[in-house]
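The lines below spell out each chain.
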2 protein chains.
Amino acid sequence: MSSLYDVAELAGVSKTLVSRVINGQKGVSDKSKEKILSAMKELNYTPNAIARSLVLQKTHIIGVVLDNLCEPYFFDLIKGIEHSITKSDYDVIFCSGRNSMELKSKYIKFLSQGRADGVIIYGSSLSDEKLIKELSVSNFPFIVVENEVEGVNINNVVVDNAFGSKLAIEHLVEIGCRNIYHVTGDMTIKASVDRRDGYIKAMQNNGFTVNSNMILMADFSVESGYEAVKAFIEKNGTDQLPDAFYFGADTTAFGGMMALEDYSIRIPEDIKIVGFDNDKPHDIDRKLKKLTTLSQPLYKMGESAVNMLISDINHITPEKQKLLYYPELIIRETTRE
Amino acid sequence: MSSLYDVAELAGVSKTLVSRVINGQKGVSDKSKEKILSAMKELNYTPNAIARSLVLQKTHIIGVVLDNLCEPYFFDLIKGIEHSITKSDYDVIFCSGRNSMELKSKYIKFLSQGRADGVIIYGSSLSDEKLIKELSVSNFPFIVVENEVEGVNINNVVVDNAFGSKLAIEHLVEIGCRNIYHVTGDMTIKASVDRRDGYIKAMQNNGFTVNSNMILMADFSVESGYEAVKAFIEKNGTDQLPDAFYFGADTTAFGGMMALEDYSIRIPEDIKIVGFDNDKPHDIDRKLKKLTTLSQPLYKMGESAVNMLISDINHITPEKQKLLYYPELIIRETTRE
DNA sequence: TTGTACGCGTTATCAG
DNA sequence: CTGATAACGCGTACAA
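The text that follows walks through the structure, step by step, so that each part is easy to find. (Residues numbered from 1 in each chain as written. Chains lettered and ligands numbered in written order. Predicted model: local features only at pLDDT ≥ 70, side-chain atom pairs only at ≥ 80, totals over all residues. Heavy atoms only, no water.)

## Notes on the protein's contact with DNA strand D
The condition that has to hold: By convention in these notes, a residue is near a molecule or strand provided one of its non-hydrogen atoms lies within 4 Å of it. For this analysis, a polar contact is any N or O atom pair within 3.5 Å, provided that within protein one partner can donate a hydrogen and the other can accept it, and provided that sequence-adjacent residues contribute only side-chain to side-chain pairs. Polar here means any residue other than Ala, Val, Leu, Ile, Met, Phe, Trp, Tyr, Cys and Pro, which are nonpolar, and Asp, Glu, Lys and Arg, which are charged; Gly is therefore polar.
The full set close to DNA strand D counts 27 residues, and T16 and R20 of chain A together with L4, Y45 and R52 of chain B are the nearest of them. Q57 of chain A is positioned such that a nitrogen or oxygen atom in its side chain is 2.9 Å from a phosphate oxygen of DNA strand D. Taking K15 of chain B, its side chain carries an N or O atom lying 3.2 Å from a base nitrogen of DNA strand D. Here the surface near DNA strand D is composed, by residue class, of 11 nonpolar, 12 polar and four charged.

Below, the structure written as structure tokens:
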């Protein structure tokens, strides 16, 4: 690998001139420029970005750390980020936590050690909080998408999950449901907690009381949704069904709908279903009804995250910012006769 | 941001000792170590990876440049890469070309300018060749997955697409097909060309001649598959169908199967279908038959790519390596009565 | 065990 | 227009 110095030597000029040519700056005679250009060609010279970053104290890189890259759920977020990045003078690199907290934390450190000017972190897990609090004292620019972390002043793009629950319950009540159950998502994820709490509150605001037996525990897997509903039916029978199941996640809802199908319970005639996340169904074998769900504006959240982070990096906004998005109710077949 | 020098000053020792503590090296008294550690804490010191890379001439980073991150097709490749990386002492970062050659090329340059020790490039497009030839003169370590580039000596993990066509045709012939048509994938992609050429050759080897009207042009989209088959039927009627359609991609095949369904043509009774790629079906609305297809070992290819690249980086293997994988035929409902 | 001094490849300042 | 020279933050011979 030849360096700027090698080019200067071969061209018979100083490093200063070479640097100017590389960066397209004024102050180089045509003759020198020519010599430099041909020297660069001859040596197959490539500027070293690392050295450049060191002296400039700037990488022009924004890092993105996701829980897992292999997850279609993140596609909209990624696309939103990419779209905003294109309009900026930054480059993005992506790192995957592969569903491991340690790895995620490692990559955040990795990027914050000077390898990026700022980091976008998708944080949904409750256990992210410790990591984020640590990072927030380092005054390295970063922004957390999805998770709201209490007690720390950070850049944050969040979605009001409880509001989503409110929309779901109000919709179900409006179409005549009275006895509405909730099947949770993964309760180590903050969003799941907020959705459940939002469910309870929305039920109360509509004049219903929620007993603990009205909340079925599951996680984000299709299987858990299937098992939760199946166990419920086996315990209570098919004549003790609620008017509706409100699931904490679409994946879980898909599983639940399969269980209902196995017991020949008709959707939406016998029971209404609402999910959360606006996922594409995974299972081609079953012809599931199209699911009424709540959609998070992940694309917009990605865009905003980039913009907010860049303005933080450049100290355009001295204060940390927080942006709240609202989920949108998408009514489909599972709540429509 | 405090530097190693700040820590040394606060601890009242030299930079050398601080450096040793950071890197866990011997040769520091317990007393000094303590002072240094507490100084690091007090200053909230984080080592600067950029400076470190500069002096060490090593980043311990492997970059991966994909055509597009938002594409489930790459999941297996990514997982394979990640798996091998975990067992190494490298970190991975991912960059997305967002389906743009320029962007892809930009990110390859970006990484090769000292920001990574080596790059894994997924290259499927024919137009990648120019870019790859350029890179190959720079002696920067890299490996190309999928595309075979003629005339240059590079690290390469490829899959024998023509062999896949051979498997497909032999399978179809074996179950009684004589009149086998081909619907191409995106012909700007080298794999599509190889699959078509493999189809022609395999047909000839089985004693059939291929006329140009037996090859329908499409790309990788579901729509193109649908349109290609629909146009064919509208032109030739439903009584002039071939025994089988061999598609250059599963996505295309899904589209084609939908078109056949629209004309009430039964699969596999009336016509057999073989695809390529072993994709998951996208469309939940249709209850498509499970598709016989060819599976590429992308996971293994990802693993191998990492290993080969690392041994290139460390000059373990002086020569460039080339690894050839074979697709595997997965027989499902569309060729089974 | 400790510290000094130099170099990694760049950019920027300031004379000439 | 040109060229020394000093940084950027770190690792490492080498010397003490």
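## A few points about the interface of chain A and chain B
In plain terms, the rule: Contact criterion: two residues are considered in contact whenever any of their non-hydrogen atoms come within 4.5 Å of each other. One side-chain nitrogen of Lys or Arg within 4 Å of one carboxyl oxygen of Asp or Glu is enough to make a salt bridge.
Listed per partner, the contact involves 44 residues of chain A and 44 residues of chain B. The interface formed by chain A and chain B holds four salt bridges in total. At the surface where chain A touches chain B, the tally comes to 11 residue pairs in polar contact (both at pLDDT 80 or more). Of the residues belonging to the side of chain A that touches chain B, the class tally is 22 nonpolar, 10 polar and 12 charged.

## Observations regarding a negative patch on the surface
All names here are of chain A. The condition is simple: Think of a patch as exposed residues, more than 30% relative accessible area, with no salt bridge, where like charges cluster within 9 Å and nonpolar side chains (Val, Leu, Ile, Met, Phe, Trp, Tyr) cluster within 5 Å. The method behind every accessible area is Shrake-Rupley, applied with a 1.4 Å probe, and residues are considered shielded solely by the protein chains displayed. When charges are counted, Lys and Arg contribute as positive and Asp and Glu as negative, whereas His and the chain ends are disregarded. Every charge is mapped to an atom, namely NZ of Lys, CZ of Arg, CG of Asp or CD of Glu. Under the scheme used here, helices are H or I runs from DSSP no shorter than 4 residues and strands are E runs no shorter than 2 residues, and both carry numbers assigned from the N terminus. Note on classification: 1.4 Å probe, protein chains only; a residue is buried when its accessible area is under 20% of the maximum for its type, exposed when over 50%, partly exposed between these limits.
The grouping of D219, E223, E227 and E234 at the surface amounts to a negative patch. Note that E234 resides in helix α10 (residues 222-236). Given the relative accessible area of 55%, E234 is considered exposed.

## Details of the pairing of strand β3 (residues 118-123) of chain A
Residues and elements named next belong to chain A. The criterion, for reference: Only strands that DSSP links by at least two bridges are regarded as paired with each other.
Here β3 lies mainly inside the structure; six of its six residues are buried. A two-sided burial pattern is seen for β3, the buried positions comprising G118, I120 and Y122 on one face and V119, I121 and G123 on the other. Examined bridge by bridge, strand β1 (residues 61-66) and β3 share four bridges and lie parallel to one another. If you follow V64 over to β3, its bridge partner there is I120. In terms of strand pairing, β3 meets strand β4 (residues 142-146) through five bridges, oriented parallel. Within β4, the residue paired with G123 across the bridge is E146.

## Observations concerning the packing of aromatic side chains
As a reminder, the rule being used: Centre distance within 6.5 Å is the pairing criterion for rings of Phe, Tyr and Trp, where only the six-membered ring of Trp is used; planes under 30 degrees apart are then read as stacked, over 60 as edge-to-face, and the remainder as tilted. Both a distance and an angle decide whether a charge sits over a ring: NZ of Lys or CZ of Arg must be within 6 Å of the ring centre and within 35 degrees of the ring normal.
Counted by the stated rule, this structure contains 21 aromatic pairs over all chains. Relative to F74 of chain B, the ring of Y73 of chain B lies with its centre 5.4 Å away and its plane at 70°, an arrangement referred to as edge-to-face. The exposure class assigned to Y73 of chain B is buried, which follows from its relative accessible area of 18%. With a centroid separation of 6.3 Å and an interplanar angle of 75°, the aromatic rings of Y73 of chain B and Y122 of chain B are classed as edge-to-face. Here Y122 of chain B lies in strand β3 (residues 118-123) and Y73 of chain B lies in the loop between β1 (61-66) and α5 (75-86), a separation of 49 residues in the sequence. Exposure remark for Y122 of chain B: the relative accessible area of 5% places this residue in the buried category. Taken together, the aromatic side chains of Y181, F232, F245 and F247 of chain A make up a single cluster linked through ring pairs. Against the face of Y107 of chain A rests K106 of chain A, its NZ or CZ located 5.3 Å from the ring centre.

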